[in-house]
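Understanding the architecture of this molecule
Below are the chains, spelled out letter by letter.
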Amino acid sequence: MPDPLTDLIANNRRWVAGVNASDPTFFQKLAQQQRPQYMWIGCCDSRVPANEIIGLLPGQVFVHRNVGNVVQANDLNCMSAVQYAVEVLGIPHLIVCGHYNCGAVNASLDDLAHGLIDYWIWPIKEIQRRNPWVMKLPRERIGNAMGELNVLEQVANLAECKVLRRAWSENRAVDLTGWIYDVGDGRLRTLLVRLDRDSDVRALVAKAGEEIHARLGA
Ligand SMILES: [Zn+2]
């Protein structure tokens, strides 16, 4: 039986040759240091690859992905990545990107038992409870609305985490943006843009939530 991974190594060699052809010093320079200007917090979904969507090369975006692009203060993995991004790499722009047709969001909408993942998506379920208008939407819009509200929630959580609090208290220029990605057409939509230390995050999140309600509830 052929090794299903052989193609991937061959792809890798072709990719390296292509990169070297356009910039022979690319890997040499990248090996010295990474200086990304963006951190991407997104979902694991294979249809939402950070670099490709925003057209950035290796070294240009620092990526953390988990199921449902969840940001929780008690998630050591996510929080360590955020700390490294802000405090070590000095990244000024943090982006939370959710997407439509998200399996984690969809799983939060039913009352079935999914196993371990139910603990992980509990914070997404809570969004539904706090926004009872969502479940009154036409069925086909519920997942999209929840996907967007989930982005707002995770941006708010990011704004409140210790790393951001410290960065903002030290006057460091770090801002937070929330996007939703449409897997059906490849386009990003901005939900929240560049919230910083001077922003009233909760008020802006509430306003963005009202806009989602007005747009998807119409
Ligand atoms: Zn997803």
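Above this text sits the structure in question.
Okay, so let's go over this structure. (Residues numbered from 1 in each chain as written. Predicted model: local features only at pLDDT ≥ 70, side-chain atom pairs only at ≥ 80, totals over all residues. Heavy atoms only, no water.)

1. Observations concerning the packing of aromatic side chains
Using the following cut-off: Note on ring pairs: Phe, Tyr and Trp rings are taken, using the six-membered ring of Trp, and paired if centres are within 6.5 Å. Classes follow the plane angle, with under 30 degrees stacked, over 60 edge-to-face and the rest tilted.
Under the defined criterion, the tally for this structure stands at four aromatic pairs. A network of ring pairs unites the aromatic residues Trp15, Phe26 and Phe27 as a single cluster.

2. A short note on the sheet that holds strand 4 (residues 175-181)
To keep things clear, this is the line we draw: The criterion for strand pairing is that DSSP finds at least two bridges linking the strands in question. Numbering of helices and strands runs from the N terminus; a helix is a DSSP stretch of H or I covering at least four residues, while a strand is a stretch of E covering at least two. Axis lines are fitted through C-alpha atoms, for helices just across the contact stretch, and the angle between N-to-C directions can take any value from 0 to 180 degrees. Any two residues having at least one pair of non-hydrogen atoms within 4.5 Å are treated as being in contact.
Strand order in the open sheet formed by five strands is 2-1-3-4-5, with mixed pairing between adjacent strands. Each of the sheet's edge strands pairs with one partner strand only, and the pair in question is strand 2 (61-66) and strand 5 (188-195). On average, each strand axis in the sheet is inclined to that of its neighbour by 20°, with strand direction left out of account. Two strands pair when backbone bridges link them, and strand 1 (residues 38-43) and strand 2 are joined in this way by six bridges, in the parallel orientation. When the bridges of strand 2 are listed, Gly42 appears paired with Arg65. Across the sheet, helix 8 (residues 139-160) touches strand 1, strand 3 (93-99), strand 4 and strand 5, and the angle it forms with strand 4 is around 165°.

3. Things to note about the coordination of the zinc ion
Under the convention used in this document: Listed donors are limited to N, O and S atoms within 2.8 Å of the metal, widened to 3.2 Å for Na, K and Ca; water is not among them, so incomplete-looking sites are possible. Relative accessibility thresholds used throughout: buried, under 20% of the residue-type maximum; exposed, over 50%; partly exposed, between the two (1.4 Å probe, protein chains only).
Around the zinc ion, the protein supplies Cys43 (SG), His99 (NE2) and Cys102 (SG) as donor atoms, at distances of 2.1 to 2.3 Å. Of note, the donors binding the zinc ion are all from one chain and are spaced C-x55-H-x2-C. One end of the pair, Cys43, is in strand 1; the other, Cys102, is in the loop between strand 3 and helix 5 (103-109), and 59 residues separate them in sequence. One exposure class covers both Cys43 and Cys102, and it is buried.

4. Things to note about the nonpolar core
Selection criterion: Among buried residues, those of type Ala, Val, Leu, Ile, Met, Phe, Trp, Tyr and Cys that are joined through side-chain atoms within 4.5 Å constitute a nonpolar core.
By size, the foremost hydrophobic cluster in this structure holds 53 residues, and its most contacted members are Met39, Val82, Leu94, Leu158, Leu164 and Leu176. Of the residues forming this core, the biggest block, ten residues, is contributed by helix 8. Residues contacting Leu158, with those up to four places away along its chain left out, are Ile41, Val71, Val82, Leu94, Val96, Leu164 and Leu176. Residues Val48, Cys97, Trp179 and Tyr181 belong to the second largest nonpolar core, which totals nine residues.

5. Looking at the packing of helix 7 (residues 122-130) against helix 8
Counted only if it meets this: Roughly parallel means an angle under 35 degrees; roughly antiparallel means over 145; roughly perpendicular covers 65 to 115; every other angle is labelled oblique. In this count, Pro and Cys sit with the nonpolar residues alongside Ala, Val, Leu, Ile, Met, Phe, Trp and Tyr, while Asp, Glu, Lys and Arg are called charged and the others, Gly among them, polar.
The contact between helix 7 and helix 8 brings their axes to 10 Å, and the two run at 110°. In terms of orientation, helix 7 and helix 8 fall into the roughly perpendicular class. On helix 8, the residues touching Ile124, Ile127, Gln128 and Arg130 of helix 7 are Met146, Leu149, Asn150, Glu153 and Gln154. Grouping the amino acids of the contact of helix 7 with helix 8 by side-chain chemistry returns four nonpolar, three polar and two charged.

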